[in-house]
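Close look at the chain arrangement
Each chain, letter by letter, is given below.
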Amino acid sequence: MRAILPFAIMCVGMFVALLDIQIVASSLQDIGGGLSAAQDQISWVQTAYLIAEIIVIPLSGWLTRVFSTRWLFTASAIGFTAASMLCGLAWNIESMILFRALQGLLGASMIPTVFTSSFHYFQGQKRVYAAAVIGTIASIAPTLGPVIGGYVTDALNWHWLFYINLLPGTLVAVLVGLLVKIDESDLKLLKETDYLGIVLMAVGLGTLEYFLEEGTRWNWFSDATITACAWVSGLSLLAFIIRSLMVKNPVLDFRALSNRNFSLGCFLSFTTGVGIFATIYLTPLFLGYVRGYSAWQTGTAIFSTGVGSILGVPVYIMLAKRFDLRWIMMGGLACFALGMWSFSFITSDWGGDQLLWPQLLRGFPQVFCVAPSVTLGLGSLPPHRLKYASGLFNMMRNLGGAVGIAVCSAILNNRTNLHFLVLASNLTAAHAPTTRLLQDMTHHLTQVLGSPAAAHRAALRELWELTYAQAATLSYADAFRTIMLAFMLGTCLVPLMKKIVPPNAPARDSH
């Protein structure tokens, strides 16, 4: 109980921080309308949070050593809660973007800190259970974000998307300050810190996230700002990596990548990030734009993914007691790939009923993908390297999500146009079924509109919309197949990892 209670409280903080990544996903239109925001500004409500978060997560190891796990987590929970209140009070889109950035910046440390704390609190077989809990939170929280967000927005209003963080955030801050005692602060490290490295990393990751989030909208390298961000990001991150390998006390431990399990674990963490975040992005988008679902309808339709994730936890724990984690992870990745394959048969008529089994196949194996990567990747490192390496490990999952969303956006954009051209090329007067369909639509609309000419124009418009919906649906299938290929590659790489047996003796020097 001495270990379980503080760990459970920290997990609540992690859950809330991860939930807020996607809680606005199904309510962006409501937020934009409430703040009188332009269409191209609304996405920044999410982008600002992601940019801030991906900068801070890699720094968490250094911040923990400087301020201690206890006070860093407490300060992070307080800052996150205060920023949540400010988001709810935002008076225009500019203030909302600023407060969302603060929310991501201040709350990000709660995520990787839980990963490293689990290695302090639990030893032996108990680490498997702790990893299962972390894996479940990491997969369920982003999945539930649009569901909870849609319900809260419909039942109350968008302000409560942020106000609901106030009570749990306050309780986490108070209880972590009272109960968590893992390590001591070491303010002397502030004198030895590689501040230039921090600047290079922040600039590199911030511009990379912007490049990935905004690239599709601005047609990638045809836009001067996007091109500049790509160059700045590439040069900054290259300089950061070189400097981190040269200085004595880097803020991020790239040398840990020489450990095969850790390097493969980072890649698999990247892959699971692609799967979790890209599918959360694609499914609500399909339901909203192709099916015309509301925020609540979208949340209800994708709820089965969360149910599948919960059902997977006891099965994972039971199997992890008996079998090698590598084979369990292989099974999880393969099952996720199977889920993506089932999504590739999507049609424009799919709703909650048709999505049920594909989403269960996607949700059930998520804990099988995330939890073993924690044990096999981070568990293979010596305790003194764990904190610095954890930041890199967690960053890879978020980076995978950003890359996955960017790639899927590009696929939707390019393949929709291609599919539309192919479909439209067959919709000619020489195609008898098209001619009959157009005649029937015109006849029906003439009875409604009264004018044959107006009815013919309306029928052509409906035919265009129908064709575009089919083209868009085909592009969603292409995106799901791309994710499937990524998970197939991940499945093939797992056997290269070494078996890890959690130590039974407490690792007192881990913090």
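Just so we're clear, the structure is a prediction, and the values are computed from it rather than from any experiment. (Residues numbered from 1 in each chain as written. Predicted model: local features only at pLDDT ≥ 70, side-chain atom pairs only at ≥ 80, totals over all residues. Heavy atoms only, no water.)

**Let's talk about the overall build of the protein chain**
In terms of regular secondary structure, the protein chain is built from 23 helices and 0 strands. Its C-alpha radius of gyration of 24 Å places the protein chain within 12% of the 24 Å reference for a compact globule of 511 residues. The dimensions of the protein chain, computed from C-alpha atoms along their principal axes, are 80 × 50 × 45 Å. With 511 residues in all, the protein chain has 57% of them scored as buried. Residue pairs at least 24 apart in sequence account for 84% of intrachain contacts in the protein chain once pairs closer than 6 positions are excluded. Summing over all exposed atoms, the protein chain offers an accessible surface of approximately 21300 Å²; the carbon and sulfur share of this is 68%. Within the protein chain, one finds 30 positive and 24 negative side-chain charges whose respective centroids are separated by 14 Å. (Helix = DSSP H or I, 4+ residues; strand = E, 2+ residues; numbered from the N terminus. Rg over C-alpha atoms; globule rule 2.2 N^0.38 Å. Buried < 20%, exposed > 50% of the residue type's maximum accessible area, 1.4 Å probe, protein only. Contact = heavy atoms within 4.5 Å. Areas by Shrake-Rupley, 256 points an atom, 1.4 Å probe, with all protein chains shown as cover. Lys, Arg positive; Asp, Glu negative; His and termini not counted. Charge placed at Lys NZ, Arg CZ, Asp CG, Glu CD.)

**Points about the environment of L287**
Relative to the helices and strands, L287 resides in helix α15 (residues 260-289). By relative accessible area, which is 0% here, L287 ends up buried. In sequence terms L287 and I148 are 139 residues apart; their C-alpha atoms lie 16 Å from each other. For L287, the residues in contact, after removing those within four places along its chain, are G292, Y293, T298, A301, I302, W350 and L355.

**Observations concerning the confidence of the model for the protein chain**
Taken over all residues, the pLDDT of the protein chain has a mean of 81, while the share at 70 or more is 92%. Per-element confidence in the protein chain ranges from a low mean pLDDT of 65 for helix α3 (residues 39-42) to a high of 91 for helix α18 (residues 325-343). Counting interchain partners and residues more than four positions distant, the pLDDT-below-50 stretch residues 505-511 has 16 contacts. (pLDDT = per-residue confidence, 0-100.)

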